[in-house]
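One-letter residues, chain by chain:
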Amino acid sequence: MNIDELKNDFLNLYGSSDMEIHAYFAPGRVNLIGEHTDYNGGYVFPCALSFGTYLLVRKNQEKVLRFATTNFDHRAEVPVSQSYSKEGDAWTNYPLGVIDELQKQSMSVEGLDMLYSGDIPNGAGLSSSASIEMVTGTAMNDLFGLQIEKMDLVKIGQKAENNFVGVNCGIMDQFASGMGEKDHALFLNCETLDYERVPLVLKGIRIVITNTNLRRGLADSKYNERRSECDKAVEEISKVKPVPNLSRLSLNEFKELSENISSEVVRRRAHHVISENDRTLRAIKALNEGDIEAFGQLMNASHDSLRDDYEVTGKELDTLVDEARKIPGTIGSRMTGAGFGGCTVSLVKEDAIDEFISVVGENYKKKIGLTADFYIAEVGDGAKKIGVI
Ligand code: GLA
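Since we're looking at a predicted model, the values are computed, not measured.

Calculation rules
- Sequence order sets the numbering: in each chain, residues are counted from 1 along the sequence as written.
- Two thresholds apply to this predicted model, a pLDDT of at least 70 for residue-level local features and 80 or more for giving and counting side-chain atom pairs, whereas whole-chain, interface and lining totals are computed over all residues.
- Hydrogens and water molecules were not included; the side-chain quantities draw on all heavy atoms of the structure.
- Only Phe, Tyr and Trp rings take part, Trp by its six-membered ring, and two of them pair if their centres are within 6.5 Å. Stacked means planes under 30 degrees apart, edge-to-face means over 60, and tilted covers everything else.
- Numbering goes from the N terminus for both helices and strands, where a helix is a DSSP run of H or I of at least four residues and a strand is a run of E of at least two.
- In this scheme, a residue with accessible area under 20% of its type's maximum is buried, one over 50% is exposed, and one in between is partly exposed, where area comes from a 1.4 Å probe on protein chains only.
- Between any two strands, at least two bridges found by DSSP are needed for them to pair.
- To obtain each axis, a line is fitted to C-alpha atoms, and for helices this fit is confined to the stretch in contact; angles are then taken between N-to-C directions over 0 to 180 degrees.
- When at least one non-hydrogen atom of a residue lies within 4 Å of a molecule or strand, that residue is treated as near it.
- For this analysis, a polar contact is any N or O atom pair within 3.5 Å, provided that within protein one partner can donate a hydrogen and the other can accept it, and provided that sequence-adjacent residues contribute only side-chain to side-chain pairs.
- The nonpolar class holds Ala, Val, Leu, Ile, Met, Phe, Trp, Tyr, Cys and Pro. Asp, Glu, Lys and Arg form the charged class, and all remaining residues, Gly among them, are polar.
- Domains are outlined according to an automatic or database domain assignment.
- We define a salt bridge as a side-chain nitrogen of Lys or Arg found within 4 Å of a carboxyl oxygen belonging to Asp or Glu.

This paragraph deals with the packing of aromatic side chains. Both the distance between ring centres and the angle between the ring planes are used here to describe each pair of aromatic rings. One pass over the full model with this rule turns up nine aromatic pairs. Ring geometry for phenylalanine 51 and tyrosine 375: centres 5.8 Å apart, planes at 75°, overall edge-to-face. Taken as a pair, phenylalanine 51 in strand E3 (residues 46-59) and tyrosine 375 in strand E12 (residues 373-376) lie far apart in primary sequence, 324 residues in all. On the basis of relative accessible area, tyrosine 375 is assigned to the buried category, the value being 17%. Measuring from ring centre to ring centre gives 5.3 Å for tryptophan 91 and tyrosine 116, while their planes differ by 70°; the resulting arrangement is edge-to-face. Residue tryptophan 91 is found in the loop between strand E5 (76-79) and helix H2 (93-104), and its partner tyrosine 116 is found in strand E6 (residues 112-118); the two are separated by 25 residues along the sequence.

Rendered as structure tokens:
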């Protein structure tokens, strides 16, 4: 991202003034393992990406919040007020939701001119929305001297998405965008919010993200359906052994208790969550021991469980993963994020990356008819101020 060019765009849009322009950045994320576990109080293992959303912001005297982005034509001008309402499915709901949440927590806002710019693919399951939330929260915290702890900004981002935007997501995406650190993945317990930054030592191996480029049509409703299936499992198991969430159960305990779940489908959903927690713990152990092959095998098993038990993959993601695994230099490959389209994440030996991109790309196009995009991920820092520009 060229910040000078973005500053020019800002000045062309809003004109010049005596007030300073402040610049901020928050990244997207890729989750390495631990999928659909966050809202079940389980473990996740994401990392922040080097791409995400930039925000230039300047105070104005007109008590108006002006939102613009270089990514879409849609802009909004919202008078500063006590509370705000959602506008259809506009992108501005994400930043406005954060401002709304901050005001509820006693921040008093002044007029602001804001220009967002994302270098992250939208709607691809790489958390472009969490990056907009986190860049907004980080900017407000700094501009108005709110002194909110980073972890609380993460929770505010999630609340904005749950309550204002209306998507019932867990905390993983905002957490990764807020708390990421260059060349580290984040091992988070989503029940206690205890976390550890684990160095990603990948020696000759790169993280390759592949975008199905499938529009994620029913993603939100299917996501909420999975959440209620998990709630149902907790409710039925709790009649015999009270548990606050599925992640409190070991695989052995689940084997003994699973017959209390009346629906076979719900039993498989719960099995995914509990086995995924187990895989995530084993994967982190493997990484700490330098056993990257074992880590890759667990990534593969994670995808298979998301395909067979949780049923959130679909033929596009499955095809990318199948083709990826045929390349000898692939260590492991799985879907990442909510699923139903979006991206896969693969660990690939550096010298096999050209082959990976050309063979997986070609076979995906042949079988599915869509063109996949490939990104070699750099693991970057969490949300931060760039400076006064
Ligand atoms: C989406 C949600 C996250 C998480 C993942 C699945 O990215 O925003 O909270 O539930 O799906 O692991």
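Continuing now.
To continue, consider the sheet that holds strand E9 (residues 205-211). Strand order in the open sheet made by the four strands is E10-E11-E9-E12, with antiparallel pairing throughout. Either end of the sheet is taken by a strand with one partner, and the two such strands are strand E10 (330-336) and E12. In this sheet, adjacent strand axes meet at a mean angle of 20° when their direction is disregarded. Pairing geometry for E10 and strand E11 (residues 343-349), over six bridges, is antiparallel.

Most of helix H5 (residues 172-179) sits out of view: eight of its eight residues are buried. Considered for burial, the residues of H5 that qualify are Met172, Asp173, Gln174, Phe175, Ala176, Ser177, Gly178 and Met179.

This part is about the site of the ligand. The full set of residues close to the ligand is Arg29, Glu35, His36, Asp38, Tyr39, Cys169, Gly170, Met172, Asp173, Tyr223, Gly337 and Ala338. Measuring from an oxygen atom of the ligand, one finds a side-chain N or O atom of tyrosine 223 at 2.6 Å. The class makeup of the residues in the shell around the ligand is five nonpolar, three polar and four charged. Two domains share the shell around the ligand, each providing at least three of its residues, namely domain 1 (3-199 + 380-388) and domain 2 (205-376).

Attention now moves to the pattern of salt bridges. Where charged atoms of side chains with opposite charge meet at close range, the side chains can pair. For the structure on display, the rule yields 35 salt bridges. A salt bridge links glutamate 110 to lysine 59, with the nearest nitrogen and oxygen atoms 4.0 Å apart. One end of the pair, glutamate 110, is in the loop between H2 and E6; the other, lysine 59, is in strand E3, and 51 residues separate them in sequence. Looking at glutamate 110, the relative accessible area reads 38%, which means it is partly exposed. With a closest N to O distance of 3.1 Å, lysine 104 and aspartate 100 form a salt bridge. Of this pair, lysine 104 and aspartate 100 both sit in helix H2, separated by four residues, roughly a single helical turn. Taking the relative accessible area as the measure of exposure, lysine 104 reaches 58% and is therefore exposed. Taken together, the salt bridges that share partners define one network made up of Lys222, Glu225, Arg226, Glu229, Glu264, Arg268, Arg269 and Glu311.

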